[in-house]
Amino acid sequence: MNELIAQLLRASQHRFIGRMARDPEIRYFESGNCVCNARILVNKPGAKRDDGQEPDGFKVEIWGEKAAAFADATKKGDLVDVTGRVKSETWTDRTTGEQRSGVTIQVEEWALAGQPRQAAAPAPAAKPAAPVWASTAMAPLGAPEDDGIPF
């Protein structure tokens with residue numbers, strides 16, 4: 001992953017399309033500003049569902065009005081398209097004391113990229129009921145009459 005981090009830091013903006021790993025968390029400050037933190041999972045290029053490759057996880061950070069809109073519009077499982085700068089972070093793990101590193105995407109633009117993933121297939125749409133006059137001899141005013149034309 002260190003090679004991936006190095007490549008990401010060389011360019012100024014990156015685009016990621018992935019699924020929300022959890023619901024976004026938003027924090028408001030006394031100043032009126034807010035920040036939204038989330039995590040997205042991005043499949044590796046060429047990865048298939050059954051090949052055992054785990055997706056890459058990225059922290060996402062959005063500030064201001066865009067943060068509030070993102071928190072309101074997204075939830076776990078949604079496919080999102082984010083564009084922003086990549087920031088490398090290092091820290092000491094509290095439980096093990098080991099040095100850790102990761103990447104945070106500081107989002108500048110975002111959009112929903114598709115339909116949310118659903119646990120079950122959606123129910124088929126109900127068939128609209130036929131008008132009452134379609135099964136009776138009387139048609140309402142202005143309804144087409146059968147004039148023997150086959151179309």
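Residues numbered from 1 in each chain as written. Predicted model: local features only at pLDDT ≥ 70, side-chain atom pairs only at ≥ 80, totals over all residues. Heavy atoms only, no water.

S.K.: Explain the pattern of salt bridges to me, and be specific about the residues and the numbers.
M.R.: Under the definition given, this model contains eight salt bridges. For Asp 78, the salt bridge goes to Lys 75, with nearest N and O atoms at 3.5 Å. Its relative accessible area of 6% is what places Asp 78 among the buried residues. Taking relative accessible area as the criterion, Lys 75 reaches 43% and is therefore assigned partly exposed. Across the salt bridge formed by Asp 93 and Arg 100, the nearest N and O atoms sit 3.3 Å from each other. A relative accessible area of 18% means that Asp 93 is categorised as buried. (Salt bridge = Lys/Arg side-chain N within 4 Å of Asp/Glu carboxyl O. Buried < 20%, exposed > 50% of the residue type's maximum accessible area, 1.4 Å probe, protein only.)

S.K.: Go over the packing of aromatic side chains, please, and point to the residues and values.
M.R.: Within the structure shown, the criterion is met by three aromatic pairs. Ring centres of Phe 29 and Trp 63 lie 5.9 Å apart, and the angle between their planes is 15°; this geometry places the pair in the stacked category. Here the residue Phe 29 occupies a position in the loop between strand E2 (25–28) and strand E3 (34–42), and Trp 63 occupies one in strand E4 (residues 56–63), the gap between them amounting to 34 residues. Considering the side-chain rings of Phe 70 and Trp 110, the 5.1 Å spacing of their centres and the 90° angle between planes classify their relative orientation as edge-to-face. (Phe/Tyr/Trp six-rings, centres within 6.5 Å; stacked < 30°, edge-to-face > 60°. Helix = DSSP H or I, 4+ residues; strand = E, 2+ residues; numbered from the N terminus.)

S.K.: Residue-level account of the side chain of Asp 81, with values.
M.R.: Inspection of the secondary structure assignment puts Asp 81 in strand E5 (residues 79–92). A relative accessible area of 13% means that Asp 81 is categorised as buried. Within polar-contact distance, the side chain of Asp 81 engages the side chain of Arg 15 at 2.5 Å. Filtering out sequence-adjacent residues up to four positions away, Asp 81 remains in contact with Arg 15, Phe 16, Ile 17, Glu 109, Trp 110, Ala 111 and Ala 113. (Polar contact = N/O pair within 3.5 Å; in protein donor to acceptor, adjacent residues only side chain to side chain. Contact = heavy atoms within 4.5 Å.)

S.K.: Give me the confidence of the model for the protein: which residues, what numbers.
M.R.: Do not read the predicted coordinates in detail wherever pLDDT is low. Per-residue pLDDT for the protein averages 80, and the proportion of residues at 70 or more is 69%. Per-residue pLDDT stays below 50 along residues 132–136; that stretch engages in five contacts with residues further than four places along the chain or on separate chains. (pLDDT = per-residue confidence, 0-100.)

S.K.: Give me the pairing of E4: which residues, what numbers.
M.R.: Direction of pairing for E3 relative to E4: antiparallel, over a ladder of eight bridges. Residue Ala 38 lies in a different strand from E4, and its bridge partner there is Val 60. In this structure, E4 lies alongside strand E6 (residues 99–112), joined through three bridges in parallel fashion. Note that in E6 the partner of Glu 61 across the bridge is Gln 106. (Pairing = 2+ DSSP bridges.)

S.K.: An account of the environment of Arg 27 is needed here, citing residue identities and associated values.
M.R.: In this structure, Arg 27 sits in strand E2. On the accessibility criterion, Arg 27 (47% relative accessible area) is partly exposed. Considering only alpha carbons, one finds Arg 27 and Ala 68, 41 residues apart in sequence, at a separation of 9.3 Å. If sequence neighbours within four positions are ignored, Arg 27 has contacts with Asn 33, Cys 34, Val 35 and Asn 37.

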